[in-house]
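Working through the structure, step by step
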Protein chains: 2
Amino acid sequence: MEPREEFLVLAFEVAVQGVESGAGGPFGAVVARGDDVLASAHNQVVTTNDPTAHAEIGAIRAACAALNSFQLDDCELYASCEPCPMCLGAIYWARPRAVFFSATRDDAAQAGFDDAFVYDEIALPAEARTLLMRRVAHPGAAAPFIAWAAKPDRVEY
Amino acid sequence: MEPREEFLVLAFEVAVQGVESGAGGPFGAVVARGDDVLASAHNQVVTTNDPTAHAEIGAIRAACAALNSFQLDDCELYASCEPCPMCLGAIYWARPRAVFFSATRDDAAQAGFDDAFVYDEIALPAEARTLLMRRVAHPGAAAPFIAWAAKPDRVEY
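Presented here is an overview of the structure given in this document. (Residues numbered from 1 in each chain as written. Chains lettered and ligands numbered in written order. Predicted model: local features only at pLDDT ≥ 70, side-chain atom pairs only at ≥ 80, totals over all residues.)

**Concerning the overall build of chain A**
Summing up its helical and strand segments, chain A has seven helices and five strands in all. Counting from the amino terminus, helix and strand elements in chain A follow one another as α-β-β-α-α-β-α-β-α-α-β-α. Judged by the C-alpha coordinates and their principal axes, chain A covers about 50 × 40 × 30 Å. Looking at chain A as a whole, 53% of its 157 residues qualify as buried. Sequence-distant contacts in chain A: of pairs separated by 6 or more residues, those separated by 24 or more amount to 46%. (Helix = DSSP H or I, 4+ residues; strand = E, 2+ residues; numbered from the N terminus. Buried ≥ 20, exposed ≤ 12 C-beta atoms within 10 Å, placed from the backbone. Contact = placed C-beta atoms within 7 Å.)

**A word on the nonpolar core**
One finds Ala11 and Val31 of chain A together with Ala11 and Val31 of chain B to be the most contacted residues of the largest nonpolar core, which totals 108 residues. Beyond its immediate chain neighbours, meaning those up to four positions away, Val31 of chain B contacts Leu38, Ala39, Ala59, Ile60, Ala63, Leu72, Cys75 and Leu77 of chain B. (Core = buried A, V, L, I, M, F, W, Y, C linked by C-beta atoms within 7 Å.)

**Overview of the interface of chain B and chain A**
Interface size is often expressed as the accessible area that is lost when the parts come together. Every contact between the two is made by 70 residues of chain B and, on the other side, 71 residues of chain A. Residue assignment for the side of chain B that touches chain A shows that the elements contributing at least two residues are helix H1 (5-21), helix H2 (45-48), helix H3 (55-67), helix H4 (85-94), strand S4 (98-103), helix H6 (115-122), strand S5 (133-135) and helix H7 (143-149) of chain B. At eight residues, the largest contribution of residues to the side of chain B that touches chain A is made by H4 of chain B. For the side of chain B that touches chain A, the class distribution of residues is 47 nonpolar, 13 polar and ten charged. As paired strands, strand S4 (residues 98-103) of chain A and S5 of chain B are joined by three bridges and run parallel to one another. What sits directly across from Val99 of chain A, in S5 of chain B, is Met133 of chain B. (Nonpolar A, V, L, I, M, F, W, Y, C, P; charged D, E, K, R; others polar. Pairing = 2+ DSSP bridges.)

**As for the relation of the copies chain B and chain A**
What relates the two chain copies is a rotation about an axis together with a slide along it. Expressed as a screw transformation, the operator carrying chain B onto chain A has a rotation angle of 180° and an axial translation of 0.0 Å, and the superposed copies differ by an RMSD of 0.0 Å. The superposition operator between the copies reduces to a two-fold rotation axis. Minimal C-alpha separation from the rotation axis in chain B is found for Met86 of chain B, amounting to 2.0 Å. When the interface residues of chain B are mapped onto chain A, 100% of them are again interface residues, pointing to one common binding face. (Least-squares fit on C-alpha atoms with pLDDT ≥ 70 in both.)

**Notes on the pairing of S4 of chain B**
Residues and elements named next belong to chain B. Of all six residues making up S4, five are buried, and the element is well covered by its neighbours. Strand direction decides the pairing type here: strand S3 (residues 76-81) and S4, joined by five bridges, are parallel. Its bridge partner lying in S4, Ala79 is registered against Phe101.

**Quick look at the sheet that holds strand S3 (residues 76-81) of chain A**
One open sheet accounts for five strands, arranged S2(A)-S1(A)-S3(A)-S4(A)-S5(B); its pairing is mixed. Each end of this open sheet is capped by a strand with a single partner; those strands are strand S2 (36-42) of chain A together with S5 of chain B. Averaged over all pairs of adjacent strands, the angle between strand axes in this sheet comes to 15°, irrespective of strand direction. Inspection of the sheet shows strand S1 (residues 28-33) of chain A paired to S2 of chain A by six bridges, in the antiparallel sense. Bridging across to S2 of chain A, Val30 of chain A finds its partner in Ser40 of chain A. Packed on one face of the sheet, helix H1 (residues 5-20) of chain A meets S1, S2, S3 and S4 of chain A and runs near 145° to S1 of chain A. (Axes fitted to C-alpha atoms, helices over the stretch in contact; angles between N-to-C directions.)

The following block contains the structure:
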């Protein structure tokens, strides 16, 4: 499928608005389904004190709320810039049918946003990361999975 | 630094509560700072229709709200299971000083949660992913970064 230029331009416009309002970094995102914009969002990390309030996360959450669904079936996500690993992970869980972006992770790095570093770190095994991250084996770790398997009305996603 | 077993056990307990209440998948997380639990959360994807409502995201958001900060300085995150790429990305942005987890991405996969697939996909270049994801070069993509550079009171994060 082909991207719709007007939705990409809307993502740029929303991003500029977010910067001008002081909400956060220079990023915008739009979720569309066919001809319809379901949601748009800019980064709001600063005003909400929420490090997860990236544009894509905001647009995904708002579009899911509008659809009353945790899946973005038949939807497209437009992002002013290449999604960071957090947002890319969110995209995989939300399952839109396509993602279109314009600026790259290197453009983001030049503006001071270290998405490229996070991409590099995530590809490493836990013990090789800059972040102190350790697996702690514990017999209690099985209990949530046992409860899940035993729940007959569980909703899979 | 060493993990505190009681905080890991709390993450397991919260995860079981989340399953039993029907909130979502079998995952729990805790943010602590020294002796204090700042926040705990379980997965809430199903009840909130929010694909980003993983345990770690919920705990990070709640702890940041408690601290009135978008950074988890001097905090530790405990997760019942290895964080998925979305949550790991969120952890990098929130910058706790340590992460401890117990079950692995393979345990999650066995329970039907395809974190391992998302890890594999994120490591690929965009054009090689299962997800249709395409860069669309556009002159408008520079506008948000130009606005950002021109904003004297921007808050970097």
